[in-house]
Amino acid sequence: MSENNSSVVSKVWSFCNVLRDGGVSYGDYLEQLTFLIFLKMADEYRKPPYNRDIGIPEEYRWDVLKQKRGAELDTHYRNLLDELAKKPGMLGQIFLKAQNKISDPAMLYKVIDMIDKESWVMMGVDTKGEIYEGLLQKNAEDTKSGAGQYFTPRPLIKVMVECLRPQPMKTIGDPCCGTGGFFLAAYDFLTSKQSHNQLDKEQSRFLKDRTFGGNEIVPGTRRLALMNLFLHNIGEIDGEPMISNSDALIADPGIRYDYVLTNPPFGKKSSMTFTNNEGEQEKEDLTYNRQDFWVTTSNKQLNFVQHIHTILKAGGHAAVVLPDNVLFEGGAGETVRRKLMETTDLHTILRLPTGIFYANGVKANVLFFEAKAAAKNPWTKEVWIYDYRTNVHHTLKKNPLKYADLEDFISCYNPDDRHKRSETWSEDNPEGRFRRFAYEEIIARDKTSLDIFWLKDKSLADLDNLPDPDILANEIIENIEAGLESFREIVITLNGNGGST
């Protein structure tokens, strides 16, 4: 990175610290930066050599905004946000429900001045990406904001993309795309030397405008995703947003993708909050009655599995982060697992350790499967399971998940030819983490459970080599949180729809 670009990153971060002292959170700062950088880039595109009309009314252009000071600036900025939210296309979506969170006009002016001094269109994608992704990570770490649930660890995303190895001129979907992490990792892979792709003009255009598509229902998160993609040179400032604000589970969108990479939101129940006649907040379970689903359930995770099956092309590939309950739950869970193994080739499961997600108490896995055309016999012949959970200890601060931690998994997965694999487990090597299970073995298990472990938990046998106390304490917290979450769901069920705890 050039000295000038490093200086921009440094300036943006230093402002972040000043604003935090003034009570502005990472998330609020990130949102205001989004609005202001978008306005500045729109102004740069309006001038030669681009001469593009982005649709911003003259009175709300950048050069008018930067002339304002004090209370006049505050009023003008608020009006600007309101008016631009009414515009069509990307412009309106970026400013949808936008609010000014920097109440001190002097501080707001300083941020405007900082942005004004840079040429953002000309700035390298790496620099803009570093600023934005860095702030997204900080925002996710801010537990009070709750933004962490929309943030998948970047090393995990990179590993999932490298296993799938997306190809040029193919489409990639994410029905709950959060801040766009999977799209960016796929974009980086497709343009990297590692992919051995030398994209021609047509492939580059397809990658920019037609490769990605998905949903995000939380307006603020969707805004961040759109801006994140745009700053990485994906999509057009005056184009249509490639991320829909509709609930992906409501209906079959009719679109089919070559790849689906996703991490559906945690929490089992699909629910809708509304205000009743007495003015009280109530929750109601959502069940999606879709003809393309194998079973009707209010379990959000199971619904996402069914939805992903629908939106994959025959021959399409998926890598999906899912919690443990999808692997062992009976009833609808068993139906979904059986149907998934019948209609797709569910070939690999990566079992993830605790302590890598910002949401507490999450025990998750990555399921890799390939969609197939309808057939008489089940497509899944064998499931390869990699146990990266037993005797693995991660914490977000002291020992976060790194890409190198999962390099052995990638090697076992063998992305070059996943049909040529070798188990690392054997009777002679019972500690091997990669093991194959035949389809017949799995369907013979109680509830067709895929919740399979074979490694011994060393903490039960080797008391002299326990993990550090803080790691143990964090694991205990994770387990208690997971237990509490299960109890909350039980209480909600016992109280019926809309029951409060």
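Residues numbered from 1 in each chain as written. Predicted model: local features only at pLDDT ≥ 70, side-chain atom pairs only at ≥ 80, totals over all residues. Heavy atoms only, no water.

Participant: Would you explain the overall build of the protein in this entry?
Facilitator: Helices and strands together make up the secondary structure of the protein, namely 18 helices and 11 strands. Since a compact globule built from 501 residues should have a radius of gyration of about 23 Å, the 24 Å found for the protein is in line with a globular shape. The proportion of buried residues among the 501 residues of the protein is 51%. Of the contacts formed within the protein by residues at least 6 apart in sequence, a portion of 74% connects residues at least 24 apart. (Helix = DSSP H or I, 4+ residues; strand = E, 2+ residues; numbered from the N terminus. Rg over C-alpha atoms; globule rule 2.2 N^0.38 Å. Buried < 20%, exposed > 50% of the residue type's maximum accessible area, 1.4 Å probe, protein only. Contact = heavy atoms within 4.5 Å.)

Participant: Would you mind showing me how to read the pattern of salt bridges here?
Facilitator: Where charged atoms from two side chains of opposite charge come close, those side chains can pair. Under the counting rule described, the total for this entry stands at 30 salt bridges. As a salt-bridge pair, Lys86 and Glu83 come within 3.1 Å of each other at their nearest N and O atoms. The exposure class of Lys86 is exposed, given its relative accessible area of 61%. You can call Glu83 partly exposed: its relative accessible area is 30%. With its nearest N and O atoms 3.5 Å apart, the salt bridge here joins Glu334 to Arg338. Taken together, the residues Glu334 and Arg338, both in helix α14 (residues 332-343) and four residues apart, mark about one turn of the helix. Residue classification places Glu334 among the partly exposed positions, given a relative accessible area of 21%. By relative accessible area, which is 31% here, Arg338 ends up partly exposed. Residues joined in a network through salt bridges with shared partners are Arg52, Arg205, Asp209, Glu236 and Asp238. (Salt bridge = Lys/Arg side-chain N within 4 Å of Asp/Glu carboxyl O.)

Participant: What is the right way to read the pairing of strand β2 (residues 212-215) from this model?
Facilitator: The two faces of the sheet receive side chains in turn, since in a regular strand these alternate between them. Here β2 shows a buried face lined by Phe212 and Gly214 and a second buried face lined by Gly213 and Asn215. Here strand β1 (residues 172-174) runs beside β2; their pairing, made up of three bridges, is parallel. Paired with Ile172 across the two strands is Phe212, which belongs to β2. Alignment of β2 against strand β3 (residues 243-244), held across two bridges, turns out to be parallel. Bridged to Asn215 within β3 is Ser244. Following the backbone out of β2, through helix α11 (residues 219-231) and into the adjacent parallel β3, one traces a crossover that is right-handed. (Pairing = 2+ DSSP bridges. Right-handed = clockwise from strand over helix to strand, strands pointing away.)

Participant: I'm lost on unusual backbone geometry in this one. Help?
Facilitator: Glycine aside, the phi torsion of most residues is negative, and most peptide linkages are trans. Omega for the peptide link from Pro48 to Pro49 comes to 5°, which places this bond in the cis form. Topologically, Pro49 is positioned in the loop between α2 (26-46) and α3 (62-65). At Lys97, a position not held by glycine, the phi torsion is positive, near 55°. Even without being a glycine, Lys447 presents a positive backbone phi close to 60°.

Participant: In this structure, what is going on with the sheet that holds β3? I would like to understand it.
Facilitator: Backbone hydrogen bonds are what pair the strands of a sheet, in a parallel or an antiparallel way. With mixed pairing, nine strands are arranged side by side in an open sheet as β3-β2-β1-β4-β7-β9-β8-β10-β11. Edge positions in the open sheet fall to β3 and β11 (434-438), since each of these has one partner strand only. Examined bridge by bridge, strand β7 (residues 312-323) and strand β9 (residues 364-371) share seven bridges and lie antiparallel to one another. Residue pairing across strands places Pro323 opposite Ala364, the latter belonging to β9. This element, α14, spans β8 (344-351), β9 and β10 (382-387) of the sheet and lies at about 120° to β8. (Axes fitted to C-alpha atoms, helices over the stretch in contact; angles between N-to-C directions.)

Participant: Help me out: how do you make sense of the packing of aromatic side chains in this one?
Facilitator: We describe a pair of aromatic rings using the distance from one ring centre to the other and the angle between the two ring planes. Per the stated rule, a full pass over the model turns up 12 aromatic pairs. Through a chain of ring-to-ring contacts, the aromatic side chains of Phe368, Trp384, Tyr386, Phe409, Tyr413 and Phe434 assemble into a single cluster. Over the ring of Tyr403 we find Lys158; its NZ or CZ atom is 4.5 Å from the centre of that ring. Above the ring of Trp379, the side-chain terminus of Lys372 is found at 5.0 Å from the ring centroid. (Phe/Tyr/Trp six-rings, centres within 6.5 Å; stacked < 30°, edge-to-face > 60°. Lys NZ or Arg CZ within 6 Å of the ring centre and 35° of its normal.)

Participant: For this particular structure, what's the right way to read the nonpolar core?
Facilitator: Counting residues in each nonpolar core, the largest one holds 105 residues, and the members touching the most others are Tyr29, Leu36, Phe95, Leu156, Leu350 and Phe368. Here the element with the most residues in this core is α2; it accounts for 12 residues. Non-local contacts of Leu36, meaning those with residues more than four positions away in its chain, are made with Trp62, Leu65, Tyr77, Leu108, Val111, Ile112 and Ile115. Among the nonpolar cores identified, the runner-up in size contains 32 residues, and Leu312, Ala318, Phe369 and Trp425 belong to it. (Core = buried A, V, L, I, M, F, W, Y, C linked by side-chain atoms within 4.5 Å.)

Participant: Is there a simple way to think about α14 in this case?
Facilitator: For the α-helix, the turn length of 3.6 residues means that residues three or four positions removed from each other point alike. Here α14 spans 16 Å end to end across 12 residues, near enough to the 16 Å set by a 1.5 Å rise per residue. Restricting attention to buried positions, one finds in α14 the residues Ala332, Gly333, Val336, Arg337, Leu340 and Met341. Along the axis of α14, the buried residues cluster in a sector spanning 160°; they form a single face. At its buried positions, α14 is contacted by α12 (300-311), α13 (325-328), β8, β9, β10 and α16 (439-443). (Expected span 1.5 Å × (residues − 1). Arc of directions from axis to C-beta.)

Participant: Looking at this structure, I do not really get the pairing of β9. What am I missing?
Facilitator: The element β9 is extensively covered by neighbouring structure, given that eight of its eight residues are classed as buried. Sheet topology places β8 next to β9; seven bridges connect them, and they run antiparallel. Residue pairing for β9: Asp345 is matched across the bridge by Glu370.

Participant: Could you clarify how one ought to interpret the environment of Thr211 in this entry?
Facilitator: Checked against the element boundaries, Thr211 lands in the loop between α10 (201-209) and β2. Put simply, Thr211 and Leu108 are 103 residues apart on the chain and 37 Å apart in space, counted from C-alpha to C-alpha. Those residues in contact with Thr211 that lie beyond four places of it in its chain are Lys170, Thr171, Ile172 and Phe206.

Participant: What should I look at first to understand the confidence of the model for the protein in this one?
Facilitator: Low pLDDT marks regions whose predicted coordinates should not be analysed in detail. Mean pLDDT over the protein stands at 87; residues scoring 70 or higher make up 90%. Within the model, the stretch residues 497-501 combines pLDDT values under 50 with seven contacts to residues more than four positions away or in other chains. (pLDDT = per-residue confidence, 0-100.)

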